[in-house]
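Each chain is listed here by its residues.
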Amino acid sequence: MLIGTILRDKGSDVATVAPEATVRELLAKLAEHNIGAVVVSSDGATISGIVSERDVVRRLHDRGAAILDEPVSSIMTAEVRTVSPGSNVDELRRTMTTHRFRHMPVVENGRLVGIVSIGDVVKSAIEELETEKASLVDYLHR
């Protein structure tokens with residue numbers, strides 16, 4: 001299965017936040033959309049970074065509540081791994097597991113076109129297994 005298939009089912013909406021937005025504003029966006037990570041982007045198309053709940057919690061622990069009024073750029077991960085719509089979901093699953101991250105932006109022709117979470121990847125694996133099971137059961141009952 002390809003990443004583009006997941007995006008086709010899920011949609012390509014991506015919540016973004018500007019690098020200069022405060023961490024407090026970031027938290028409001030995470031809560032509003034009920035999501036765990038946001039792409040940091042000035043224009044909604046190019047990626048400056050990514051920031052997750054995990055980043056906020058770690059910085060709160062390290063630096064205290066003062067980070068709430070700091071810019072998102074001060075806590076984001078600036079080196080962002082991305083994936084293309086034509087990439088294989090199995091490869092993405094291995095990458096996410098190996099490098100221990102749960103969200104990956106999808107980029108095509110240098111532009112942000114979606115985001116895939118580990119939940120999306122697991123859901124696609126379950127759907128694939130269910131399809132295979134149905135095919136096998138159908139084959140056995142013929």
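Residues numbered from 1 in each chain as written. Predicted model: local features only at pLDDT ≥ 70, side-chain atom pairs only at ≥ 80, totals over all residues. Heavy atoms only, no water.

When its secondary structure is counted, the chain shows 5 helices and 5 strands. Counting from the amino terminus, the chain carries its helices and strands in the arrangement α-β-α-β-β-α-α-β-β-α. With respect to the principal axes defined by its C-alpha atoms, the chain has extents near 65 × 35 × 25 Å. A separation of at least 24 residues holds for 56% of the contacts in the chain among residues at least 6 apart in sequence. (Helix = DSSP H or I, 4+ residues; strand = E, 2+ residues; numbered from the N terminus. Contact = heavy atoms within 4.5 Å.)

Turning our attention to helix H1 (residues 3-10). Residues of H1 that are buried: Ile-3, Gly-4, Ile-6 and Leu-7. Axial view of H1: buried residues confined to an arc of 155 degrees, hence all on one face. Exposed residues lying more than 90 degrees from the buried face of H1 are Arg-8 and Asp-9. Of the residues trailing H1, Gly-11 is marked for its positive phi of about 105 degrees. (Buried < 20%, exposed > 50% of the residue type's maximum accessible area, 1.4 Å probe, protein only. Arc of directions from axis to C-beta.)

Per-residue confidence for the chain averages 92 on the pLDDT scale, and 100% of its residues sit at or above 70. Per-residue pLDDT, averaged within each element of the chain, yields its smallest value for helix H5 (residues 118-140) (84) and its largest for strand E2 (residues 37-40) (97). (pLDDT = per-residue confidence, 0-100.)

Mapped onto the secondary structure, Ser-124 falls in helix H5. Once you skip the residues sitting within four places of it in the chain, Ser-124 turns out to touch Met-1, Ile-6 and Val-89.

Let's shift gears to helix H4 (residues 89-99). By the burial criterion, the buried members of H4 are Val-89, Leu-92 and Met-96. For H4, the arc enclosing every buried residue in end-on projection is 55 degrees, short of the 170-degree limit, so these residues lie on one face. Away from its buried face, by an angle of more than 90 degrees, H4 presents the exposed residues Arg-94, Thr-97 and Thr-98. Looking at the buried side of H4, the elements it contacts are H1, strand E4 (103-108), strand E5 (111-117) and H5. After H4 finishes, the residue Arg-100 shows a positive phi value of roughly 60 degrees.

Let us look at the pairing of E4. As a general feature of sheets, a regular strand has side chains that alternate between the two faces. Taken together, the 6 bridges between E4 and E5 define a ladder with antiparallel strand orientation. Its bridge partner being in E5, Pro-105 is matched across the sheet by Ile-115. (Pairing = 2+ DSSP bridges.)

What follows deals with the side chain of Ser-52. Mapped onto the fold, Ser-52 is located in strand E3 (residues 49-52). Take Ser-52: its relative accessible area is 12%, and that puts it in the buried class. Residues in contact with Ser-52, not counting those within four places in the same chain, are Gly-36 and Ala-37.

We now examine the packing of H4 against H5. Packing of H4 against H5 leaves a shortest axis separation of 10 Å and a crossing angle of 135 degrees. Overall, the two elements H4 and H5 adopt an arrangement that is oblique. For the pair H4 and H5, the sense of crossing is left-handed. Packed against H4, whose contacting residues are Val-89, Leu-92, Arg-93 and Met-96, the element H5 presents Ile-118, Val-121, Ser-124 and Ala-125 at the interface. (Axes fitted to C-alpha atoms, helices over the stretch in contact; angles between N-to-C directions. Parallel < 35°, antiparallel > 145°, perpendicular 65-115°, else oblique. Left-handed = near helix turned anticlockwise from the far one by under 90°.)

This brings us to the pattern of salt bridges. Counted according to the given criterion, the structure contains 5 salt bridges. Put simply, Lys-10 and Asp-120 hold a salt bridge, and the shortest N to O gap is 2.6 Å. With Lys-10 in helix H1 and Asp-120 in helix H5, this pair connects stretches of sequence that are 110 residues apart. For Glu-70, the salt bridge goes to Arg-63, with nearest N and O atoms at 3.7 Å. (Salt bridge = Lys/Arg side-chain N within 4 Å of Asp/Glu carboxyl O.)

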